[in-house]
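For reference, the chains in residue letters:
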Amino acid sequence: MVISISLVLLLTVLAVIFLRNGGLKLSHAIVCALLGFLLASTSMAPTIHDGIGATANLVSGLHP
């Protein structure tokens, strides 16, 4: 578990750095994909899923 959390934090930092620098390369996309897979296996996954669902419901409920 400790290794998983450390790896998630490292990949999160790398993803933020890659996105802030602009162009997303293949290596950057691989890091982001690995981050997604690791986040899906953590205890934060249900919270992230619920947050995305709530945001989607909020956006779909907006009427211009």
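Computed from a predicted model, the values in this text were never measured in an experiment.

Parameters and conventions
Sequence order sets the numbering: in each chain, residues are counted from 1 along the sequence as written. Confidence filtering applies because this is a predicted model: local features only for residues at pLDDT of at least 70, side-chain atom pairs given and counted only at 80 or more, and all residues used for totals across whole chains, interfaces and linings. Processing note: side-chain calculations cover all non-hydrogen atoms of the structure and skip hydrogens and water entirely. Each residue gets a pLDDT score, which is the predictor's confidence in that residue and runs from 0 to 100. Secondary structure elements are defined from DSSP: runs of H or I of at least 4 residues count as helices, runs of E of at least 2 residues count as strands, and each element is numbered from the N terminus. By this rule the span expected of a helix is its residue count minus one, scaled by 1.5 Å. Each residue is placed in one exposure class: buried if its accessible area under a 1.4 Å probe, protein chains only, is under 20% of its type's maximum, exposed if it is over 50%, and partly exposed if it falls in between. Pairs of N or O atoms within 3.5 Å make up the polar contacts considered here, provided that, within protein, one atom can donate a hydrogen while the other can accept it, and that residues adjacent in sequence are counted only when both atoms are side-chain atoms. Put simply, a nonpolar core is a bunch of buried Ala, Val, Leu, Ile, Met, Phe, Trp, Tyr and Cys residues held in one set by side-chain atoms that sit within 4.5 Å of each other.

Draft legend 1. The confidence of the model for the protein chain, seen in detail. Here the protein chain averages 78 in pLDDT, and 91% of its residues register 70 or above. Within the protein chain, no element has a lower average pLDDT than helix H1 (residues 2–20), which sits at 75, and none a higher one than helix H3 (residues 45–60), at 82.

Draft legend 2. Region of the structure containing H3. In this model H3 runs 22 Å from its N-terminal to its C-terminal C-alpha over 16 residues, within 8% of the 22 Å that 1.5 Å per residue would give. In terms of burial, H3 is a largely surface element, 0 of the 16 residues being buried.

Draft legend 3. Quick peek at the environment of His-63. Looking at the secondary structure, you find His-63 in the segment after H3. We classify His-63 as exposed; its relative accessible area is 71%. Separated by 32 residues in sequence, His-63 and Val-31 have C-alpha atoms that sit 37 Å apart. A distance of 3.5 Å separates the side chain of His-63 from the backbone oxygen of Gly-61, its partner in a polar contact.

Draft legend 4. Spotlight on the environment of His-49. Along the chain, the position of His-49 falls in helix H3. We classify His-49 as exposed; its relative accessible area is 60%. Separated by 10 residues in the primary sequence, His-49 and Leu-39 place their C-alpha atoms 11 Å from one another.

Draft legend 5. Main features of the nonpolar core. Counting 7 residues, the largest nonpolar core is built from Val-8, Leu-11, Ala-15, Phe-18, Val-31, Leu-35 and Leu-38. If you list the elements that add at least two residues to this core, you get H1 and helix H2 (26–40). Of all the elements, H1 adds the most residues to this core, at 4 residues.

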